[in-house]
Amino acid sequence: MSERVVLVGYGPVGARLIDGLLPAVRDGRIDLTVVGAEPQDVYNRVLLAEYAVGRTDRAGLDMDDRRVAEETGVRFHLATTVVGVDRHRRVVRLHDGIRLDYDRLVLATGARANVPTLAGMERARRDRTSVSATPAELDLGGAPLPRGVVALRDLADAEHVRAAVSAGQRIVVLGAGVLGMELALAAAEAGAEVVVAYHSAAPMNRTLDENGGRVLASAATAVGVEMAHHARAESILLRYDDHGHAWFDGLVCADGKVLEGDLLVLSCGVAARTEVASLAGLATSAGILVDGSSRSWTDPDIFAIGDCAHVADPADADAHGRVPGGPSGLVGPGWRQADRLAALLSTGVSGPASVERPGVVMLKAEGIDVVAGGAVDADPFSHAPGCHGPQVTLWADPARGAYVKLVTVEGVLTGFVAVGMPRTGAELTLLFERGSELPADRSSLLRLDAPDAGMAVVADPFAADATVCWCNGVSAGAIREAVAAGEPTVACVKAATRAGTGCGGCVGRISELLAREAVPA
């Protein structure tokens with residue numbers, strides 16, 4: 001008899017699980033039903049900014065082919081939300097009255113954009129405990145966001161940004177994390193007037209140290225992005241059109257400064273969608289609490305993967321029930337969770353859960369090279385030479401937009417920042433990934449970006465075990481094998497290995513690898 005699996009969520013992580021379950025569906029071992037809130041087939045949310053600024057078309061966002069899954073036997077309920085879960089009867093209730101029986105329930109509900117507490121849009125903040133009555137209300141509070149305010153979490157948001165960029169309008173980006181900076185730089189390059197507002201002293205403060213962030217801010221300013229640091233947003237100004245409709249007109253900061261604009265893009269982080277889990281009585285914290293096999297702490301027949309899943313050991317909870325950590329917020333770990341869960345549901349064996357290493361963050365921006373990994377907040381002067389603890393090496397040339405910070409423990413690289421130093425950044429990425437010791441002469445790394453350095457490097461960035469695609473964990477060796485077995489193109493590599501199908505940041509490295517192998521990219 002087939003095991004009935006209901007999947008709630010049809011985003012990139014849910015689609016990955018569907019793909020992994022197709023053999024079991026085809027063999028009749030699993031009866032799979034998918035519930036998705038959006039009417040569209042799955043698309044790559046990570047690339048929404050690329051679409052919003054015109055770097056890719058709508059087809060470039062498409063992922064798996066739903067028709068293949070349906071022909072295999074998977075049933076889909078799109079434009080549909082879950083309004084209740086009866087764990088005792090193992091029934092999922094949908095907003096349109098349909099009831100779905102399950103043996104195993106998988107939640108891949110993802111995350112929604114945080115709406116800051118700004119005067120003028122208080123009612124747009126959503127009560128995270130309420131369940132949406134309809135798909136259109138999934139991310140809405142008591143009122144929709146004002147016209148001219150978007151969060152860039154779905155296609156509708158991307159269309160608004162795309163129109164503003166095409167018209168060369170002034171865009172205010174609130175938040176200077178990785179996604180906010182990527183959008184701002186890309187929109188400015190496409191012809192929009194852009195200002196980034198952030199409350200910290202420097203952008204990307206969760207990824208870079210302050211000095212590295214300041215060098216990035218200078219580089220962004222040089223290409224036309226206005227950077228407003230220490231800008232604590234308090235409210236928005238509205239203007240009214242001839243029909244009496246209110247539109248965003250400006251962002252008011254605590255010091256009284258007004259950042260005028262035609263469109264406000266919220267880039268203030270995300271929060272896991274946990275309301276369905278909470279309604280079902282499942283344990284939640286920053287997300288739905290699950291173990292290393294993605295199984296709920298509360299119910300062994302319910303699982304959670306992706307941006308809604310908070311992977312933790314129950315023993316880690318403190319006396320007050322607080323649990324450290326939270327969802328990773330990255331597509332790569334979500335895909336690996338989906339792969340392991342597909343194996344578990346199909347065969348009963350998932351294998352040991354892999355330990356997620358601290359990721360490397362690469363800023364996707366034309367002409368601005370930023371890469372960082374690990375913990376980078378160590379004080380350069382807190383430890384004298386020869387003492388135990390982290391040792392810090394700094395090199396800075398702000399006038400030329402270059403900065404490097406290295407954090408090591410017993411010679412092994414545990415954190416780094418590289419701004420404006422592409423070859424050094426590539427080398428540090430490889431050393432960080434391998435947990436390697438740095439060369440005794442740290443300055444040798446800086447010389448990689450010298451004009452007379454040629455192509456000499458300390459280690460080969462395209463060695464067989466070097467990771468090229470971080471989202472899918474694809475090595476240079478795996479890409480070479482795919483090329484040898486098929487056509488030597490980026491498209492072939494994507495189809496064979498999935499490299500380049502996540503955030504897209506590795507496509508340039510794939511092309512470089514193909515070029516080094518003396519084949520056309």
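Everything that follows concerns the structure shown earlier in this document.
Calculation notes
- Residues numbered from 1 in each chain as written.
- Predicted model: local features only at pLDDT ≥ 70, side-chain atom pairs only at ≥ 80, totals over all residues.
- Heavy atoms only, no water.
- Helix = DSSP H or I, 4+ residues; strand = E, 2+ residues; numbered from the N terminus.
- Rg over C-alpha atoms; globule rule 2.2 N^0.38 Å.
- Buried < 20%, exposed > 50% of the residue type's maximum accessible area, 1.4 Å probe, protein only.
- Contact = heavy atoms within 4.5 Å.
- Areas by Shrake-Rupley, 256 points an atom, 1.4 Å probe, with all protein chains shown as cover.
- Lys, Arg positive; Asp, Glu negative; His and termini not counted.
- Charge placed at Lys NZ, Arg CZ, Asp CG, Glu CD.
- Salt bridge = Lys/Arg side-chain N within 4 Å of Asp/Glu carboxyl O.
- Polar contact = N/O pair within 3.5 Å; in protein donor to acceptor, adjacent residues only side chain to side chain.
- Phe/Tyr/Trp six-rings, centres within 6.5 Å; stacked < 30°, edge-to-face > 60°.
- Lys NZ or Arg CZ within 6 Å of the ring centre and 35° of its normal.
- Pairing = 2+ DSSP bridges.
- Axes fitted to C-alpha atoms, helices over the stretch in contact; angles between N-to-C directions.
- Parallel < 35°, antiparallel > 145°, perpendicular 65-115°, else oblique.
- Left-handed = near helix turned anticlockwise from the far one by under 90°.
- Nonpolar A, V, L, I, M, F, W, Y, C, P; charged D, E, K, R; others polar.
- Disulfide = S-S within 2.5 Å.

> What am I meant to see in the overall build of the chain here?
Within the chain, the regular secondary structure consists of 13 helices and 27 strands. The C-alpha radius of gyration of the chain comes to 24 Å, within 12% of the 24 Å expected for a compact globule of 521 residues. Principal axes of the C-alpha set define a box for the chain whose edges measure 70 × 60 × 55 Å. Per-residue burial for the chain yields a buried fraction of 47% across its 521 residues. The long-range fraction of contacts in the chain, counting pairs at least 24 apart against all pairs at least 6 apart in sequence, stands at 60%. Accessible surface computed for the chain: about 23600 Å², of which carbon and sulfur atoms make up 51%. One finds the centroid of the 48 positive side-chain charges in the chain at a distance of 3 Å from the centroid of its 65 negative side-chain charges.

> Looking at this model, I keep getting lost on the pattern of salt bridges. Mind explaining?
As a working rule, side chains carrying opposite charge can pair if their charged atoms are close by. Inspection of every chain in the model, using the stated rule, returns 27 salt bridges. In this structure, the salt-bridge partner of aspartate 31 is arginine 75, at a minimum N-O distance of 2.3 Å. One end of the pair, aspartate 31, is in strand S2 (residues 30-35); the other, arginine 75, is in strand S3 (residues 75-77), with 44 residues separating them in the sequence. We note a salt bridge from arginine 214 to glutamate 210, for which the minimum N-O separation is 2.7 Å. One end of the pair, arginine 214, and the other, glutamate 210, are both in helix H6 (residues 210-222), four residues apart, so they sit about a helical turn from each other. Overall, the relative accessible area of 45% leaves arginine 214 in the partly exposed class. Residue glutamate 210 is classed as partly exposed on the basis of its relative accessible area of 41%. Salt bridges sharing common partners tie together Glu3, Arg90, Arg104 and Asp301.

> When you look at the side chain of threonine 33 in this model, what are you seeing that I'm missing?
Positionally, threonine 33 belongs in strand S2. Its relative accessible area of 5% is what places threonine 33 among the buried residues. Side-chain polar atoms of threonine 33 contact the side chain of arginine 75, separated by 3.2 Å.

> What is the right way to read the packing of aromatic side chains from this model?
A ring pair, where both rings are aromatic, is described by two values, the distance of the centres and the angle of the planes. Evaluated as defined, the whole model comprises two aromatic pairs. Look at tyrosine 10 and phenylalanine 76: their rings are 5.1 Å apart centre to centre, the planes differ by 55 degrees, and that puts the pair in the tilted class. Here tyrosine 10 is found in the loop between strand S1 (3-8) and helix H1 (12-26), whereas its partner phenylalanine 76 is found in strand S3, with 66 residues between them in sequence. We note that tyrosine 10, like phenylalanine 76, is buried. For the cation-ring pair, arginine 162 lies above tyrosine 51, with the distance from its terminal atom to the ring centre recorded as 4.3 Å.

> What am I meant to see in the pairing of strand S23 (residues 391-397) here?
Note on strand geometry: in a regular strand, side chains alternate between the two faces of the sheet. Taken together, the seven bridges between S23 and strand S24 (residues 402-409) define a ladder with antiparallel strand orientation. Residue pairing for S24: alanine 396 is matched across the bridge by tyrosine 403.

> Help me understand the packing of helix H11 (residues 476-485) against helix H13 (residues 507-516) in this model?
The axes of two packed helices give the description: the angle between them and the distance between them. Contact geometry of H11 with H13 gives a least axis separation of 11 Å together with a crossing angle of 60 degrees. If you check the angle between H11 and H13, you find them oblique. Of the two possible hands of crossing, H11 and H13 adopt the one that is right-handed. Only Ile510, Leu513 and Leu514 of H13 make contact with H11, whose side of the interface consists of Ala476, Ile479, Arg480 and Val483. The residue makeup of the contact of H11 with H13, split by class, is six nonpolar, no polar and one charged.

> It is not clear to me how the packing of helix H12 (residues 490-497) against H13 should be interpreted in this structure. Could you clarify?
Interaxial distance between H12 and H13 falls to 10 Å at its minimum, and their mutual angle equals 115 degrees. Considering their axes alone, H12 and H13 lie roughly perpendicular with respect to each other. The crossing of H12 and H13 is right-handed. Across the interface between the two elements, Val490, Val493 and Lys494 from H12 touch Val507, Ile510, Ser511 and Leu514 from H13. For the contact of H12 with H13, a count of residues per class yields five nonpolar, one polar and one charged.

> What is the right way to read the sheet that holds strand S19 (residues 302-304) from this model?
Strand pairing in a sheet is mediated by backbone hydrogen bonds. Such pairs are either parallel or antiparallel. Taken in spatial order, the five strands make up an open sheet running S3-S2-S1-S7-S19, and their pairing is parallel. Among the strands making up the open sheet, the edge pair consists of S3 and S19. Between one strand axis and the next, the sheet turns by 20 degrees as a mean value, whatever way the strands run. In the sheet, S2 pairs with S3 via three bridges, with the strands oriented parallel. Bridge pairing in S3 links valine 35 to histidine 77.

> What's the story with the state of the cysteines in this structure? I'm lost.
As enumerated under the stated definition, the model contains zero disulfides in all. With no disulfide of its own, cysteine 268 lies 12 Å from the sulfur of cysteine 253, the closest cysteine sulfur. Here cysteine 268 falls in the partly exposed class, since its relative accessible area comes to 31%.

> Just to check I follow, could you spell out the sheet that holds strand S6 (residues 99-101) for this structure?
Strands sit in the order S4-S5-S6 across an open sheet of three strands; the sheet is antiparallel. This sheet does not close on itself; its edge strands, each paired only once, are strand S4 (82-86) and S6. For this sheet, the mean angle separating the axes of adjacent strands, direction not counted, is 20 degrees. Relative to strand S5 (residues 91-94), S4 is paired through four bridges, and the arrangement is antiparallel. Along S5, the bridge assignment pairs aspartate 86 with valine 91.

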